[in-house]
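What follows is the residue order along each chain.
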Amino acid sequence: MDHLDATSLIHARTVSTVFEGACQEVWKRRTHRYTRPFVQDVTRFYDILGNVDGVVSGSTALAIVLCRSDHAGFLTSSSDLDVYVPTQAARDEMAIYLVRDEGYTLDRTMSLALANDYSLLSPDSIVDFSRFSRVVNGIRTSVDLLVGAHAAATVPVLHFWGTLVLNYVTATSVV
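This section reports on the structure supplied with the text. Along every chain, residues carry numbers that run from 1 in the direction the sequence is written. Confidence filtering applies because this is a predicted model: local features only for residues at pLDDT of at least 70, side-chain atom pairs given and counted only at 80 or more, and all residues used for totals across whole chains, interfaces and linings. Where side-chain values are given, they derive from all heavy atoms of the structure, hydrogens and water being excluded.

1. Remarks on the sheet that holds strand β1 (residues 55-57)
In any sheet, the strands associate via hydrogen bonds between backbone groups, in a parallel or an antiparallel arrangement.
Stage number 1. Any two strands between which DSSP finds at least two bridges are classified as paired. Secondary structure follows DSSP: runs of H or I at least 4 residues long count as helices, runs of E at least 2 residues long count as strands, and numbering of each begins at the N terminus. One open sheet holds the 5 strands; their spatial order is β1-β2-β5-β4-β3, and the pairing between them is mixed. Single-partner strands in this sheet number two, and they are β1 and β3 (105-107). Going across the sheet, the axis of each strand differs from the next one's by a mean of 35°, ignoring polarity.
Stage number 2. Examined bridge by bridge, strand β4 (residues 126-136) and strand β5 (residues 139-148) share 10 bridges and lie antiparallel to one another. For Arg134, the partnering residue across the bridge sits in β5 and is Thr141.
Stage number 3. Sitting on the sheet, helix α5 (residues 88-102) is in contact with β2 (80-85), β3, β4 and β5, with an inclination near 5° to β4. Axis lines are fitted to C-alpha atoms, over the contacting stretch for helices. Their N-to-C directions set the angle, which ranges from 0 to 180 degrees. Pairs of residues are marked as contacts when any of their non-hydrogen atoms sit within 4.5 Å.

2. Topic: the nonpolar core
Stage number 1. Here the nonpolar core consists of buried residues drawn from Ala, Val, Leu, Ile, Met, Phe, Trp, Tyr and Cys, with membership extended through side-chain atoms lying within 4.5 Å. Residue exposure (1.4 Å probe, protein chains only): buried if accessible area is under 20% of the type maximum, exposed if over 50%, otherwise partly exposed. Counting 31 residues, the largest nonpolar core has Phe45, Val56, Val83 and Met94 as the members making the most contacts within it.
Stage number 2. Contributions of two or more residues to this core are made by α1 (6-12), α2 (17-35), α3 (42-51), α4 (59-66), β2, α5 and β5.
Stage number 3. Setting aside chain neighbours within four positions, we find Met94 in contact with Phe45, Ile48, Leu49, Val52, Val83 and Leu145.
Stage number 4. With 9 residues, the next largest nonpolar core counts Val55, Tyr84, Ile126 and Phe160 among its residues.

3. A short note on a nonpolar patch on the surface
Stage number 1. Patch definition: residues with relative accessible area over 30% and no salt bridge; like charges joined within 9 Å; nonpolar side chains (Val, Leu, Ile, Met, Phe, Trp, Tyr) joined within 5 Å. Accessible surface is estimated by sampling points in the Shrake-Rupley manner with a 1.4 Å probe; for residues, cover comes only from the protein chains shown. Note on definitions: salt bridges are taken to be side-chain nitrogens of Lys or Arg within 4 Å of carboxyl oxygens of Asp or Glu. The grouping of Met1, Val15, Val18 and Phe19 at the surface amounts to a nonpolar patch, some 360 Å² of accessible area in total.
Stage number 2. Tracing the backbone through its elements, the reader meets Met1 in the segment before α1.

4. Side note on unusual backbone geometry
Stage number 1. One non-glycine residue, Asp53, adopts positive backbone phi at about 60°.
Stage number 2. Position of Asp53 among the secondary structure elements: in the loop between α3 and β1.
Stage number 3. One non-glycine residue, Ala151, lies in the positive phi region at around 55°.
Stage number 4. Relative to the helices and strands, Ala151 resides in the loop between β5 and α7 (155-158).

5. Digging into the packing of aromatic side chains
Stage number 1. Each pair of aromatic rings taken from Phe, Tyr and Trp, with Trp reduced to its six-membered ring, is defined by centres within 6.5 Å and is described as stacked if the planes are under 30 degrees apart, edge-to-face if over 60, and tilted in the remaining cases. Summed over all chains, the structure comprises 2 aromatic pairs.
Stage number 2. Aromatic pair Phe45 and Tyr97: ring centres 6.5 Å apart, planes at 40°, arrangement tilted. Taken together, the positions of Phe45 in helix α3 and Tyr97 in helix α5 put the pair 52 residues apart, joining distant regions of the chain.
Stage number 3. For Tyr97, a relative accessible area of 2% gives the class buried.

6. A look at the pattern of salt bridges
Stage number 1. Following the criterion strictly, the structure yields 6 salt bridges and no others.
Stage number 2. Measuring nitrogen to oxygen at the nearest pair gives 3.2 Å for the salt bridge that ties Glu102 to Arg134. Of this pair, Glu102 sits in helix α5 while Arg134 sits in strand β4, and the two are 32 residues apart along the sequence.
Stage number 3. The class for Glu102 is buried, based on a relative accessible area of 4%.
Stage number 4. The buried category is assigned to Arg134, whose relative accessible area is 8%.
Stage number 5. Asp107 serves as the salt-bridge partner of Arg140, at 3.9 Å between the closest nitrogen and oxygen. One end of the pair, Arg140, is in strand β5; the other, Asp107, is in strand β3, with 33 residues separating them in the sequence.
Stage number 6. Looking at Arg140, the relative accessible area reads 48%, which means it is partly exposed.
Stage number 7. Given a relative accessible area of 17%, Asp107 falls into the buried group.

See below:
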């Protein structure tokens, strides 16, 4: 199962409940593999993400979806993890986790206006943007934490430029 691309995994899971469980495990391993460069405790990260109804999107989600496909090498390693949450309270909970448990610090050089310009999102699709950064073993990583409009983490994702990047990961699913 580890050698199957996304389309094959989707088809394989319909064969039986055993295959469905095996496919879910493959998705989980891929999700953890591509998230691990950004957080030390991936399981805890996704527990918190689920508690706040957040999603991971951007290059990390795309890498998970493209894994084992003909396009798997399409992306180079990303230096940031894009996390979308539905509310300011969810943002605060995720921020506390990133700072306290993962050793990130708030990068005050990024602004909401720059985030909108940089990501080409509709200005009304996000209500807050924060970048958290850290250096581990000489490697700098960042987590971009965005609050979606209308109390929905997925609103910014729906404003992306094309279907190629309309992917996201929840605590339990790859969409």
